[in-house]
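Here are the chains, one letter per residue:
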Amino acid sequence: MLDSLGNLKRTHYCGELRAGDAEKDVVLMGWVHRRRDLGQLIFIDLRDREGIAQIVFNKELDPTTHAKAEGLRTEYVVAVKGRVLKRGKSNPEIATGEIEVAASELLLLNNAKTPPFVIEDEVNASEETRLRYRYLDLRRPKPHKNLALRHRVLLEIRKALDELGFYEVETPMLTRSTPEGARDYLVPSRVHHGQFYALPQSPQIFKQILMISGLDRYFQIVKCFRDEDLRADRQPEFTQLDLEMSFPRQQDIFETIEHVMTRACAVIGVNVKGPFRHLDYHEALRRYGSDKPDFRFGMELQNVTSFFEAARETFHFEGNVQAIVAPGGAAFSRKQLDELSEYGKSAGAKAVYTAKVTAEGVASSLEKTLGAEKLKELAAAVGAKPGDLIVAATAKEQIPHSDTSLGVAGLLRLYLGDKLNLIDRTRWEFLWITGFALFEWSETDKRWVSAQHPFTGIVEEDLDKLETAPWECRSKGYDLVLNGVELGSGSIRIHRQDIQERMFKALGLSPEQQRQRFGFFLDALTYGTPPHGGIALGLDRVVTLLAGEKSIREVIAFPKTTAAQDLMADSPSAVDTAQLDDLGIRLK
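Reading the values: the criteria
- Residues numbered from 1 in each chain as written.
- Predicted model: local features only at pLDDT ≥ 70, side-chain atom pairs only at ≥ 80, totals over all residues.
- Heavy atoms only, no water.
- Helix = DSSP H or I, 4+ residues; strand = E, 2+ residues; numbered from the N terminus.
- Buried < 20%, exposed > 50% of the residue type's maximum accessible area, 1.4 Å probe, protein only.
- Contact = heavy atoms within 4.5 Å.
- Areas by Shrake-Rupley, 256 points an atom, 1.4 Å probe, with all protein chains shown as cover.
- Lys, Arg positive; Asp, Glu negative; His and termini not counted.
- Charge placed at Lys NZ, Arg CZ, Asp CG, Glu CD.
- 1 Å grid on protein atoms, 1.4 Å probe; cavity = no way out; pocket = protein on both sides within 12 Å on 5 of 7 lines; lining within 4 Å.
- Points joined across faces, edges and corners; volume = space filled by probe spheres on them.
- Nonpolar A, V, L, I, M, F, W, Y, C, P; charged D, E, K, R; others polar.
- Salt bridge = Lys/Arg side-chain N within 4 Å of Asp/Glu carboxyl O.
- Polar contact = N/O pair within 3.5 Å; in protein donor to acceptor, adjacent residues only side chain to side chain.
- Pairing = 2+ DSSP bridges.
- Arc of directions from axis to C-beta.
- Axes fitted to C-alpha atoms, helices over the stretch in contact; angles between N-to-C directions.
- Parallel < 35°, antiparallel > 145°, perpendicular 65-115°, else oblique.
- Left-handed = near helix turned anticlockwise from the far one by under 90°.
- Phe/Tyr/Trp six-rings, centres within 6.5 Å; stacked < 30°, edge-to-face > 60°.
- Lys NZ or Arg CZ within 6 Å of the ring centre and 35° of its normal.

## Re the overall build of the chain
Within the chain one finds 17 helices and 22 strands. Principal axes of the C-alpha set define a box for the chain whose edges measure 90 × 75 × 50 Å. Taken over 588 residues, the chain has a buried fraction of 47%. The contacts in the chain between residues at least 6 apart in sequence include a share of 67% that link residues at least 24 apart. Surface summary for the chain: the accessible area is close to 29,700 Å², and the carbon and sulfur share equals 49%. With 78 positive and 85 negative side-chain charges, the chain shows a separation of 3 Å between the mean positions of the two kinds.

Here it is, written out as structure tokens:
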């Protein structure tokens, strides 16, 4: 029979008790984590969100309570009254290992079925099972720790921005569709049949309107939605720090975010100092093959096309050849070299060439084509030393106004840095990337599209190229990168209506389409819009890095799978005909 909690009040969390609490009378509540029956004595580990405390039931001292404890099983919910005692032999494995609680009263508040997996950090269950039983998965200490960290980081960010004079303002969740980036999640209107709201991909237009409204400094920790393919760092709904300032220099935004991120890192005891390093976009690509380079190790890219020029027809490649010198890579086995080559091809390489540098010389299958002397010259040119591995790659596809060999080599650099343990995991390397192009080529649409979004400011000297050479236009955009992960993007915005209309026209939007999609915003721009700018940071990614996790699913309470499904709530799901009739919708 189950007991009633009544007016019993918890005095402590299980994980809070220490040796200094000895001889205190306490009331603890939680779940039975483990039970050990030694006959005269029954021990249970009682678990709550703060940790575990050992409870002892003594048959000789309290036979009634001991008899009740005999019926306890894993994950039963109980309340225990008792006295804290120092243990004869402490357990260094847990924080409460110096004490135990001698029980004098036990309330059985609820029983439980046997869970599909053991509730502990080293869980022996697939991610699908964990997500299906997420309410059990969240009982484990590690998810507790991650969600507690998330809370503290977001709280610290709010405090930091409040101190800098920012107001947190909520913007609408139901807005209009502006399909300029990822696909929108659409919400049908019951009142206006045939019309739809959209869930926001970001509060971009609204935060700019708040600047037009004279609010001056806005931020929001906000849910955003994008109907796109998922990866480890993507979810259909995600949380971002959205921020906007009026009359800013680019440096003002940088200093604000550097202050915020310094405070966020301090939550885990990491001391980060500004100003953060800056790197031009084109230089980042040239040196690291990425617009989000990981600065925790070296191995910069080197253009070695000239050494392969004579063999271009033999190797059947277009574009450039990029090389990386991998320290210690000469120890790679044949199998490891084959795996490297396969990875490179999956990353877009047409071919991956390797050469081992030893004290005796350079060993490579390239010798048949390039010749031994040319290989020695190549090794000298890239600064390779004995024990190093030279890795060179060409790209499979060529994109207009782009060197695709850089991106391929950049991925190989990350692969080698990981395999050779060259990445210093104790370092926290923040980086601002600037100097982006305003447009990028879309292979899907076969046209130039916004590299960021259509409200990004244009470098004034490039305005005349907007209609004639859009690929040469530079943006006033910037990205924040941490340890090779893009945390977010921002820009100084377009604040003039005439330039905004030209931008829309460059993107192929007719005046009618401009009015249909952005009419209210274009009108707002005509009423004295101040210069403004801001940024949006992916908070799921921030917390993932701070928690030392690999997937953002580990720091989100109820994440979706890579198929955008919630296995626990069984969503998305079908709806009944009556609901569809209310909305005026018929399924095809």
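Now, onward.
## Quick word on empty space enclosed by the protein
The full count for this structure, using the stated rule, is one cavity of 30 Å³ or more. The space that makes up the largest cavity amounts to roughly 30 Å³. Along the walls of the largest cavity sit Tyr 288, Ser 290, Lys 292, Pro 293, Asp 294, Gly 410, Arg 413 and Leu 414, which together make up its complete lining. Counting residues per element, the lining of the largest cavity draws most heavily on helix H13 (residues 404–419), which supplies three residues. Looking at side-chain class alone, the lining of the largest cavity contains three nonpolar, two polar and three charged residues.

## Details of the pattern of salt bridges
Going through the model one piece at a time under the given rule, you end up with 46 salt bridges. Note that Asp 25 is salt-bridged to Arg 83, the shortest N-O span being 2.9 Å. On the criterion of sequence distance, the pair formed by Asp 25 in strand S1 (residues 25–37) and Arg 83 in strand S4 (residues 77–86) is long-range, its members being 58 residues apart. Lys 465 is the partner of Glu 472 in a salt bridge, and the nearest nitrogen-oxygen pair spans 3.5 Å.

## Structural notes on the environment of Asp 25
Judged by its relative accessible area of 52%, Asp 25 falls in the exposed class. Each C-alpha atom of the pair Asp 25 and Gly 165 lies 47 Å from the other, and the pair is 140 residues apart in sequence. Ignoring any residue separated from it by four or fewer positions in sequence, one finds Asp 25 in contact with Gly 82 and Arg 83. For Asp 25, the side chain forms a polar contact with the side chain of Arg 83, separated by 2.9 Å.

## Digging into the pairing of S4
Bridging between S1 and S4 involves seven bridges; their strand directions are antiparallel. Considered in S4, the bridge of Val 27 is made with Lys 81.

## Side note on the side chain of Thr 65
Examined against the element boundaries, Thr 65 turns out to sit in helix H1 (residues 63–69). On the accessibility criterion, Thr 65 (8% relative accessible area) is buried. At 2.8 Å, the side chain of Thr 65 and the side chain of Asp 62 are in polar contact.

## A few points about the environment of Leu 546
Along the chain, Leu 546 turns up in helix H16 (residues 539–547). With a relative accessible area of 8%, Leu 546 lands in the buried category. Sequence separation of Leu 546 and Ile 268 is 278 residues, and the distance between their C-alpha atoms is 7.1 Å. In contact with Leu 546, not counting residues within four places along its chain, are Leu 149, Val 153, Ala 264, Cys 265, Ile 268 and Trp 428.

## Description of helix H12 (residues 372–382)
Note that an α-helix has 3.6 residues per turn; residues three or four places apart therefore point the same way. Among the residues of H12, Leu 375, Leu 378, Ala 379 and Val 382 are the ones counted as buried. The buried residues of H12 occupy an angular sector of 95° when the element is viewed end-on, so they sit on one face. Within H12, the exposed residues directed more than 90 degrees away from the buried face are Glu 373 and Ala 380. The first or second residue beyond H12 is Gly 383, which carries a positive phi of 75°.

## Thoughts on the packing of helix H4 (residues 141–163) against H16
The N-to-C vectors of H4 and H16 enclose an angle of 120°; their axes lie 10 Å apart at closest approach. Accordingly, the angle class assigned to the pair H4 and H16 is oblique. Relative to H16, H4 is oriented so that their crossing is right-handed. Residues Asn 146, Leu 149, Arg 150, Val 153, Leu 154 and Ile 157 of H4 lie in contact with H16, whose contacting residues are Leu 539, Asp 540, Val 543, Leu 546 and Ala 547. Its residues placed into classes, the contact of H4 with H16 shows eight nonpolar, one polar and two charged.

## Some words on unusual backbone geometry
With omega at 0°, the peptide bond leading from Gly 274 into Pro 275 counts as cis. On the secondary structure map, Pro 275 appears in the loop between helix H6 (250–266) and strand S11 (277–280). In this structure, Pro 572 follows Ser 571 across a cis peptide bond, with omega equal to 5°. Mapped onto the elements, Pro 572 comes out in the loop between H16 and helix H17 (577–583). Even without being glycine, Asp 216 reaches a positive phi, approximately 75°. The topology assignment puts Asp 216 in the loop between helix H5 (204–212) and strand S9 (217–225).

## Structural notes on the environment of Gln 40
With respect to the helices and strands, Gln 40 occurs in the loop between S1 and strand S2 (41–48). Note on Gln 40: relative accessible area 43%, which makes it partly exposed. Residues within four places of Gln 40 in sequence aside, it is in contact with Phe 57, Asn 58, Lys 59, Glu 60 and His 66.

## Focus on the pairing of strand S17 (residues 430–434)
Most of S17 is tucked away, with five of its five residues classed as buried. Here S17 shows two buried faces, one formed by Phe 430, Trp 432 and Thr 434 and the other by Leu 431 and Ile 433. Relative to S17, S11 runs parallel, the two being bridged by four bridges. Its bridge partner lying in S17, Arg 277 is registered against Leu 431. Here five bridges tie S17 to strand S20 (residues 477–482), and the two strands are oriented antiparallel to one another. Among the inter-strand pairings, Phe 430 is bridged to a residue of S20, identified as Leu 482.

## Considering the packing of aromatic side chains
Within this structure, the stated rule accounts for 15 aromatic pairs. Taking the centre distance of 5.1 Å and the plane angle of 45° together, the rings of Tyr 288 and Phe 295 count as tilted. Accessibility classification places Tyr 288 together with Phe 295 in one group, the buried group. Between the aromatic rings of Phe 315 and Tyr 353, the centroid separation amounts to 4.9 Å while the plane-to-plane angle is 40°, which identifies the pairing as tilted. Here Phe 315, found in helix H9 (residues 312–315), pairs with Tyr 353, found in strand S14 (residues 349–358); they are 38 residues apart in sequence, far enough to count as distant. No difference in accessibility class separates Phe 315 from Tyr 353, as the two residues are buried. By the ring-pair criterion, three or more aromatic residues cluster together here, those being Phe 455, Phe 504, Phe 518 and Phe 521. Across the ring face of Phe 297, the terminal group of Arg 413 is positioned such that the distance to the ring centre comes to 3.9 Å.

By themselves these figures say nothing about function.
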